[in-house]
2 protein chains.
Amino acid sequence: MNQNPKVQLNCPIPFQDFDAITLGHGGGGKLTQKLLEEGVFTLLNNDWLMSQGDAANLSLDGEYALSTDSFVVSPIIFPGGTIGDLAVNGTVNDLAVSGAEPKYLTLSFILEEGLSTSEFWEILISIRDACTQAGVMVVSGDTKVVEKGKGDRIFINTTGIGKIHSKARLAMKYIRPGDKIILSGPPARHGIAIMSKRQGLEFETTLTSDTRPLHHICQEMLEKFGDGIRFMRDPTRGGVATVLHDIVRQTKLGIEIHENRLPLENEVAGACEMLGLDPLYVANEGIFVCIADHNISDDCLHTLHSWEYGSQASVIGNIVEEHPGGVLMHSNIGGKRMMPQASGELLPRIC
Amino acid sequence: MNQNPKVQLNCPIPFQDFDAITLGHGGGGKLTQKLLEEGVFTLLNNDWLMSQGDAANLSLDGEYALSTDSFVVSPIIFPGGTIGDLAVNGTVNDLAVSGAEPKYLTLSFILEEGLSTSEFWEILISIRDACTQAGVMVVSGDTKVVEKGKGDRIFINTTGIGKIHSKARLAMKYIRPGDKIILSGPPARHGIAIMSKRQGLEFETTLTSDTRPLHHICQEMLEKFGDGIRFMRDPTRGGVATVLHDIVRQTKLGIEIHENRLPLENEVAGACEMLGLDPLYVANEGIFVCIADHNISDDCLHTLHSWEYGSQASVIGNIVEEHPGGVLMHSNIGGKRMMPQASGELLPRIC
């Protein structure tokens, strides 16, 4: 059960009173108290949590973004991450692409009776580390437990608040023909990492999820280019293709992209071929699609390239007036095809 | 499957394309789009949701409360409510007892494959109606679907933001010996309603859950009595006894309460006796515990009595220096006993 022997050693003694989560841990009484005080609060220690109020009190002033996501990824621990850091980074990135600097998170667990203490502890550690990396604080939370067979080990909801950059003017309505489509990094890593673990596949090199916070890079883009950045979105479920389809559907414009400009990694391409997946439909957790004024797209690329996570950023295509509602792909071999909208059944529980 | 024939009739035609939720509805593609646009957005229509951004943009200025809760109640439809209005009112009330006027909610679903369309629709309607009653708006959301057997029909997370009343100075640290303990209404209705449905029990009269928003009454209390109100909390999981125990544990003071001052309804008392439950440990969703300066407790009661929901409010006891950490009950027959802390196993999945 314990996938990481180190974790057990770091487990505080009281938390070892039980090997697994029981229904009582969700009852609101003594056991819930124990789980929180000796488990959660040991790691995520701050004044808001320690006050154990029904809500966190925050002083806010200005324009804020609010975003929520529930995470049901399976497996809960995978190459490059856990459901815990995914839950932190996922909401952090929804705020990031909304132009906000993430500040505060809420954290809500739905645990299945029988979840092992050591796995829960490992997930808590990954949450703490992801919060530290992203510079956000968990200020309020909740824990529920459901009977064995009524959940799947652990589901996590995070909801986040971030302050919107004063120069941000991001919305699909600002997108216009001629704008450039920039992809900040190589696609499909997260989905492939999950699928490889789930299917027990072995690749020559282990591909890890790209889960990571993106707001530092997004904030720099906004600071430098202001409303030259029209729109940003992180292509999670449904991948890059789904973001592009959302754009053409809502703007009633068209998109053209070029296969040879996709920053596709060889390992990922190979894994996708083996699994029969198109990398543009596979989930990501550490890249974003950025629509930028064509006058600044080279400068955007330059800025992205200065970041480790953006070193492979590429202008993959542009917004056009032609074929409104359609995404046209120019293939490597010179062909053209309209990319279909994902129906969504391909990869359940990828995040 | 359809518990309310009226619901089917109100169901918009596109939503009837499918009888049940499938994994594809959580995939982020076409089916997710359909579920949202033709289902969720039809009912919860506002500019924030319709923009379909990754986050809602909010202008905020001042002191705010932020609270999160995941709801896993079983059954999902019960006498007096559904998991939907419970999820709205639950978070609304966490904000209310924190002194805040709830403003914005996020709404996140974890659906189990196979959940019937009509039940989901009924829950959506109850969410809409609860939002209208409470005066809050759902501004951002998320929908995930898990395989049959990996969830339990529907889990809902709501996270809310509310503006804190300028006169609110609420925290356990303000509680002092001599303060009065007020219960705003009769205890145990919610827990008994759930248990009766769950166990298929028949009572002479159907007891309904007390789920309802409390912020109007809480705001009036703060407006009138300011920092004379030391602390408020809604006694959900673990009931009134658990709130009292939280208070004595954190304040290191004692509490005395009087059984004959509890506003216990006869039907509830009878049901509790039949089920072998102590009503003070049974969950509530529409009452609150209020700790008030003894000088204003009569005025507080007068104000509470002016509200329908507060008509049975009662001063049930007081804060004492004696037996720190303990809750002493003076029974109807003249005895005294220390009330134990709930261990929490009694009533799983009550909210």
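Residues numbered from 1 in each chain as written. Chains lettered and ligands numbered in written order. Predicted model: local features only at pLDDT ≥ 70, side-chain atom pairs only at ≥ 80, totals over all residues. Heavy atoms only, no water.

Focus: the overall build of chain A
Moving on, step 1. Along the backbone of chain A there are 10 helices and 13 strands.
Moving on, step 2. For a compact globule of 351 residues, the expected C-alpha radius of gyration is about 20 Å, and chain A comes in at 21 Å, within 12% of that figure.
Moving on, step 3. Each principal axis of the C-alpha distribution contributes one length, and for chain A these read about 65 × 50 × 35 Å.
Moving on, step 4. With 351 residues in all, chain A has 65% of them scored as buried.
Moving on, step 5. A fraction of 86% describes how many contacts in chain A between residues 6 or more apart in sequence connect residues 24 or more apart.
Moving on, step 6. Within the structure as shown, chain A displays about 12900 Å² of accessible surface, and the carbon and sulfur contribution to it stands at 48%. (Helix = DSSP H or I, 4+ residues; strand = E, 2+ residues; numbered from the N terminus. Rg over C-alpha atoms; globule rule 2.2 N^0.38 Å. Buried < 20%, exposed > 50% of the residue type's maximum accessible area, 1.4 Å probe, protein only. Contact = heavy atoms within 4.5 Å. Areas by Shrake-Rupley, 256 points an atom, 1.4 Å probe, with all protein chains shown as cover.)

Some details on the packing of aromatic side chains
Residue and element names in this part refer to chain A.
Moving on, step 1. If you walk through the whole model with that rule in mind, you get 5 aromatic pairs over all chains.
Moving on, step 2. Here Phe109 and Phe120 contribute two aromatic rings whose centre-to-centre distance is 5.2 Å and whose plane-to-plane angle is 80°, an arrangement assigned as edge-to-face. Placement of Phe109 in strand β4 (residues 100-112) and of Phe120 in helix α5 (residues 117-134) is noted, with a sequence separation of 11 residues between them. Each member of the pair Phe109 and Phe120 is classed as buried. (Phe/Tyr/Trp six-rings, centres within 6.5 Å; stacked < 30°, edge-to-face > 60°.)

Focus: the environment of B:Gly90
All names here are of chain B.
Moving on, step 1. Along the chain, Gly90 turns up in helix α4 (residues 83-96).
Moving on, step 2. Along the chain, Gly90 and Gly160 lie 70 residues apart, while their C-alpha atoms are 9.8 Å from each other.
Moving on, step 3. Those residues within four positions of Gly90 in sequence are excluded, and the remaining contacts are Phe71, Asp85, Asp234 and Glu285.

With respect to the sheet that holds strand β4 (residues 100-112) of chain B
In sheet architecture, strand pairing relies on hydrogen bonds along the backbone and comes in two forms, parallel and antiparallel.
Moving on, step 1. Pairing in this open sheet of 8 strands is mixed, and the strands run β5(A)-β4(A)-β6(A)-β1(A)-β1(B)-β6(B)-β4(B)-β5(B) from one edge to the other. At either end of the open sheet lies a strand with only one pairing partner, and these are β5 (137-146) of chain A together with β5 (137-146) of chain B. Direction aside, neighbouring strands of the sheet carry axes that sit 25° apart on average.
Moving on, step 2. Direction of pairing for strand β1 (residues 56-71) of chain B relative to strand β6 (residues 154-164) of chain B: antiparallel, over a ladder of 8 bridges. (Pairing = 2+ DSSP bridges. Axes fitted to C-alpha atoms, helices over the stretch in contact; angles between N-to-C directions.)

What about the domain arrangement of chain A?
Interface extent is often summarised as the accessible area lost during association of the parts.
Residue and element names in this part refer to chain A.
Moving on, step 1. In terms of domains, chain A is made up of domain 1 (23-164) and domain 2 (172-338).
Moving on, step 2. Just the C-alpha atoms count here: the centres of domain 1 and domain 2 sit 28 Å apart.
Moving on, step 3. Each partner contributes residues to the interface: domain 1 has 23 residues there, and domain 2 has 25 residues.
Moving on, step 4. Between domain 1 and domain 2 the total buried area reaches about 1800 Å² when both faces are included, carbon and sulfur atoms providing 59% of it.
Moving on, step 5. It is Pro79, Asn93 and Val97 that lose the most area in domain 1 upon contact with domain 2, and together they represent 32% of the buried surface on that side.
Moving on, step 6. Along the contact surface separating domain 1 from domain 2 lie 0 salt bridges.
Moving on, step 7. For the pair domain 1 and domain 2, the number of links is 10 residue pairs in polar contact (both at pLDDT 80 or more).
Moving on, step 8. Of all the secondary-structure elements, those providing two or more residues to the side of domain 1 that touches domain 2 are β2 (77-78), α4 (83-96), β4 and α5.
Moving on, step 9. Ranked by the residues each element gives to the side of domain 1 that touches domain 2, the list is headed by α4, at 8 residues. (Domains from an automatic or database assignment. Buried area = accessible area lost by both parts, 1.4 Å probe. Salt bridge = Lys/Arg side-chain N within 4 Å of Asp/Glu carboxyl O. Polar contact = N/O pair within 3.5 Å; in protein donor to acceptor, adjacent residues only side chain to side chain.)

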